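Analysis of the macromolecular model
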Amino acid sequence: MFDQTSSMFDGYRSRLKKIKKKTYEERFAAFLTEYRACFDDMAQYIKGREDAETAAAEVANIFAENVFSEYGSNGKLSASDKTDLSLYMIYYIFPSILKTDDANAHLLCDAIRDEWRKRTDNPAFDYTTYEDLHGSFQEKLFGLF
């Protein structure tokens, strides 16, 4: 179920390299176009269930399991993978979910965030919107890269 979630991360390192405002706009638009159907499937799964919170938690568990199966070893991610995948989720996954404008988008983001916090032992991990993230760029993200 939601097998496409692991393919969302194909080439994630290249999408994180040399990320400037314009390249982020282009990469995000292409990402959202390519994977919108998968995000819509997640939203439909939650809508179709009586208990939306439980359904969102199920989606989050499947999502994390797919990512850990693809990029982890023995159920663990390396420190560099953990960092890169977390950044990728902040840049692409969460803003894409929120862009669907689904009534349960925040519920799904919260569930994925909470599952990721548990699996990566990072209680500070959080998400933001595309607009907030995009607004933080000067020419380069936070002027750092």
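Here's a quick rundown of the structure.

Let's talk about the overall build of the protein chain
Secondary structure assignment for the protein chain yields seven helices and zero strands. In the protein chain, the succession of helices and strands from N to C terminus is α-α-α-α-α-α-α. Computed over its C-alpha atoms, the radius of gyration of the protein chain comes to 15 Å, within 12% of the 15 Å expected for a compact globule of 145 residues. Seen through its principal axes, the protein chain has C-alpha atoms that stretch 45 × 35 × 25 Å. Classification of the 145 residues of the protein chain by burial places 43% in the buried group. Across the protein chain, the fraction of contacts at a sequence separation of at least 24, relative to all contacts at a separation of at least 6, is 72%. Total accessible area computed for the protein chain in this model is approximately 7,600 Å², and 48% of it derives from carbon and sulfur atoms. Positive and negative side-chain charges in the protein chain, numbering 19 and 25 respectively, have mean positions lying 8 Å apart.

Concerning the packing of aromatic side chains
Under the defined criterion, the tally for this structure stands at 20 aromatic pairs. The interplanar angle of 90 degrees and the centroid separation of 6.5 Å between the aromatic rings of Y91 and Y92 together place this pair among those described as edge-to-face. Here Y92 falls in the buried class, since its relative accessible area comes to 0%. R119 extends its terminal NZ or CZ atom over the ring of F68, reaching a point 5.5 Å from the ring centre.

Structural notes on the nonpolar core
Counting residues in each nonpolar core, the largest one holds 44 residues, and the members touching the most others are M8, F9, Y24, M42, F63, M89 and I93. Elements with a minimum of two residues in this core: helix 2 (12-16), helix 3 (21-47), helix 4 (52-71), helix 5 (79-99), helix 6 (105-120) and helix 7 (130-135). Ignoring any residue separated from it by four or fewer positions in sequence, one finds M89 in contact with F9, F63, F94, P95, I112, W116 and F125.

What to know about the packing of helix 5 against helix 6
How two helices sit against one another is set out by the angle between their axes and by the gap between those axes. Relative to each other, helix 5 and helix 6 sit at 170 degrees, their axes nearing to 10 Å. Taken together, the axes of helix 5 and helix 6 are roughly antiparallel relative to one another. Residue-level contacts link K82, L85, S86, M89, F94, I97 and L98 of helix 5 to A105, H106, L108, C109, I112, R113, W116 and T120 of helix 6. When its residues are assigned to classes, the contact of helix 5 with helix 6 shows 10 nonpolar, three polar and two charged.

Here's the deal with the packing of helix 4 against helix 5
Two elements in contact, helix 4 and helix 5, have axes separated by 12 Å at closest approach and are oriented at 135 degrees. By the angle between their directions, the pair helix 4 and helix 5 is classed as oblique. For the pair helix 4 and helix 5, the crossing hand works out as right-handed. In contact with F63, V67 and Y71 of helix 4, helix 5 contributes D81, L85, M89 and I93. For the contact of helix 4 with helix 5, a count of residues per class yields six nonpolar, no polar and one charged.

Each value, and the rule that gives it
Residues numbered from 1 in each chain as written. Predicted model: local features only at pLDDT ≥ 70, side-chain atom pairs only at ≥ 80, totals over all residues. Heavy atoms only, no water. Helix = DSSP H or I, 4+ residues; strand = E, 2+ residues; numbered from the N terminus. Rg over C-alpha atoms; globule rule 2.2 N^0.38 Å. Buried < 20%, exposed > 50% of the residue type's maximum accessible area, 1.4 Å probe, protein only. Contact = heavy atoms within 4.5 Å. Areas by Shrake-Rupley, 256 points an atom, 1.4 Å probe, with all protein chains shown as cover. Lys, Arg positive; Asp, Glu negative; His and termini not counted. Charge placed at Lys NZ, Arg CZ, Asp CG, Glu CD. Phe/Tyr/Trp six-rings, centres within 6.5 Å; stacked < 30°, edge-to-face > 60°. Lys NZ or Arg CZ within 6 Å of the ring centre and 35° of its normal. Core = buried A, V, L, I, M, F, W, Y, C linked by side-chain atoms within 4.5 Å. Axes fitted to C-alpha atoms, helices over the stretch in contact; angles between N-to-C directions. Parallel < 35°, antiparallel > 145°, perpendicular 65-115°, else oblique. Nonpolar A, V, L, I, M, F, W, Y, C, P; charged D, E, K, R; others polar. Left-handed = near helix turned anticlockwise from the far one by under 90°.

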